[in-house]
Amino acid sequence: MKKILTFILASLFATGSALACTNLIVGKKASTTGAVMCTYSADSYGHFAQLHFIPAAKHAPGDMYEIYDYDSNEHLGSIPEVAETYNVVGHINDYKVSIMETTFGGRHEIELDSCGMIDYGSLMYLGLMRAKTAREAIKVMTSLAEQYGYASEGESFSVCDAEEAWILEMISQGHGSKKVVWVAQRIPDDAISGHANQARIRKVNLKDKENVMMSKDCIKFARKMGWFTGKDADFSFADTYAPADFSGRRICDARVWSFFNHHVDGMDKWLPWAEGKQKDAEPMPLWFVPKHKVSRMQLMNDMRDHFENTPFAIDVENGDPGKGLYDMPYRPTPLYFEHNGQKLFNERPISTQQASFSILSELRSDLPREVGSLLWWGNDDGNMVAYTPLYGCITKAPLPYNTPDADDATFSMDNAFWVCNWVSNMVYPRYSMLFPELKSVRDSIDNSLAQNQPIFEANAIEQLANNRDKGVELITDYSAKKADEMMTAWKNLATKIIVKYNDMAVKKEKNGKYERTKFGWIVPVERPGYSKEMKKAIAEYGDRYKVPEE
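Just so it is clear, the model here is predicted, and its values are computed rather than measured.

A. Quick look at the overall build of the chain. Of the regular secondary structure elements, the chain holds twelve helices and 24 strands. Here the C-alpha atoms of the chain give a radius of gyration of 24 Å, agreeing with the 24 Å that 2.2 N^0.38 yields for 550 residues. Each of the three principal axes of the chain carries a C-alpha extent, and together these read 85 × 65 × 45 Å. Put simply, the chain has 550 residues, and 57% of those count as buried. Contacts in the chain between residues far apart in sequence, at least 24 positions, make up 71% of those at least 6 positions apart. Counting only carbon and sulfur atoms, one obtains 52% of the accessible surface of the chain, whose full area is about 23800 Å².

B. Geometry of the pattern of salt bridges. Scanning all chains against the criterion turns up 29 salt bridges. Between Glu-437 and Lys-500 there is a salt bridge; the shortest N-O distance is 2.7 Å. Taken together, the residues span a long stretch of sequence, with Glu-437 in helix H10 (residues 431-466) and Lys-500 in helix H11 (residues 468-500) at a distance of 63 residues. Accessibility assignment for this pair places Glu-437 and Lys-500 in one class, buried. With a shortest N-O distance of 2.9 Å, Arg-442 and Asp-443 are connected by a salt bridge. Here Arg-442 falls in the buried class, since its relative accessible area comes to 4%.

C. Structural context of H10. Counted at 1.5 Å a residue, the expected span for H10 with its 36 residues is 52 Å, and the 49 Å between its end C-alpha atoms agrees. Of all the bends in H10, the largest measures some 40 degrees and sits at Asn-452, one to four residues before the proline Pro-454.

Calculation criteria
Within each chain, residues carry numbers counting from 1 in the order of the written sequence. Per-residue local features of the predicted model are confined to residues with pLDDT of at least 70, and side-chain atom pairs are confined, for both listing and counting, to 80 or more; whole-chain, interface and lining totals are unaffected and use all residues. To get the side-chain values, all heavy atoms of the structure are used, and hydrogens and water are removed first. Strands are runs of DSSP state E lasting at least 2 residues, helices are runs of H or I lasting at least 4, and numbering of each runs from the N terminus. Radius of gyration: over C-alpha atoms. The globule rule applied is 2.2 Å multiplied by the number of residues raised to the 0.38 power. Under the scheme applied here, a residue whose accessible area is under 20% of the maximum for its type counts as buried, over 50% as exposed, and between as partly exposed, the area being computed with a 1.4 Å probe on protein chains only. Any two residues having at least one pair of non-hydrogen atoms within 4.5 Å are treated as being in contact. Using a 1.4 Å probe, accessible areas were evaluated by the Shrake-Rupley method; residue-level cover was limited to the displayed protein chains. Every case where a carboxyl oxygen of Asp or Glu lies within 4 Å of a side-chain nitrogen of Lys or Arg is listed as a salt bridge. Multiplying 1.5 Å by the residue count of a helix minus one yields the expected span of that helix. Two axes enter the definition of the bend at a residue: one is fitted to the seven residues ending there, the other to the seven starting there, and the bend is the angle between them.

So this is what it looks like as structure tokens:
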């Protein structure tokens, strides 16, 4: 029997992936609860995303696993199954392992010039299916890439479990070769880190076998290609295989800088690096110890960042003309554009409209693995969703996150991707007017879950102790219920937006109901008009809109 990877995200990381995706990492001693946490904004320029669910399974000798390339859905080959694989829910498994990624591309001389079999997406899920720890996952991923060849661009992987957080960076040797080079660095338990489409591992301590891993020919191949000539101790994976240009710093590393800036004092020191214009700027370190421990809610809010209160801010206070009439902190793609022969760019914050999903894994060593492996899932841009909980032990995917017949071109009212995008796409163009409505619903769900989650988990742990199957059923039903509740709230939000804010006017509300006259009609609507900043811009435009004196 052959097992085929059934994953509707076949085209998820297609066109434009080199400037997409963000991972943020928090070590167990840097978090308020002792959990290792990692986030992932999967930014794919409108491509449809469903939750990837693979049940745990036993396999017979001769069973094969089929490899399909994520970017093209091309069948790349088959590899033998292992005797047992574990439950996979999105980007976690039921052994508290989480794997996420961002693409850095790498040197153009070897970019995508490979005849390898296993792409980066397949590596992530094979790692989750076959590993009980982060170290095991790294071994699974690197050994498979070395045996069958790596078939993708350069990748940074976040590989975490409830005890450790690692970054694994990998790139093929190109030139028609199946060979791959890679390095892995453990993030200290009391630190935070991240990557956003730029390789981040520089010099490592090659003698520290406990916290550093590297392929045998990683430095040797660099020497062969003439990309590195120094001492082994001075070798930098990032500077050798993915040298940071303006894009790698301003469009990519600036997102990580903004994350650090929320939790670390003195980040101005690395502003020149993030700005990307000073060629000899000091590179930003791979990790920092935060000034305070980071909570799950803080990390969720970090995923909603638009460079607020930084030199890169794209809000009204910064006078950015791209804000438009309604102070929108989003910019249309592409990131680069030209006008009258001048090349220009948009800022690229963590929160972006092209996110297919935004997630946060919370891996907790002090809880049973059925409860301790937790994924917070949102089927859109992190700023525009309420995350709902999915546990690594669930036996089926919630319908809103894995909806039959829904896809890139097929809308479904049962599907979270489409319902969430429906609301977001109403909010984006009238952001300052409509976002407060979305934020109110989003925050209400977030806060309710934060308050009630410990109560549910205590009940679930008790049920697991009495009857594991009943406990897993309870957890599966709870995950589905919370997804359904979010969907109901978002559908209600969609209808409220179209009714209350129809035609750029605003219907008046009182005690949750629209105000009516004594004859039953809606009272006259409010007409907000322009913001103060837009009035000023129009006044300074010239004489065209000035009312002449009578």
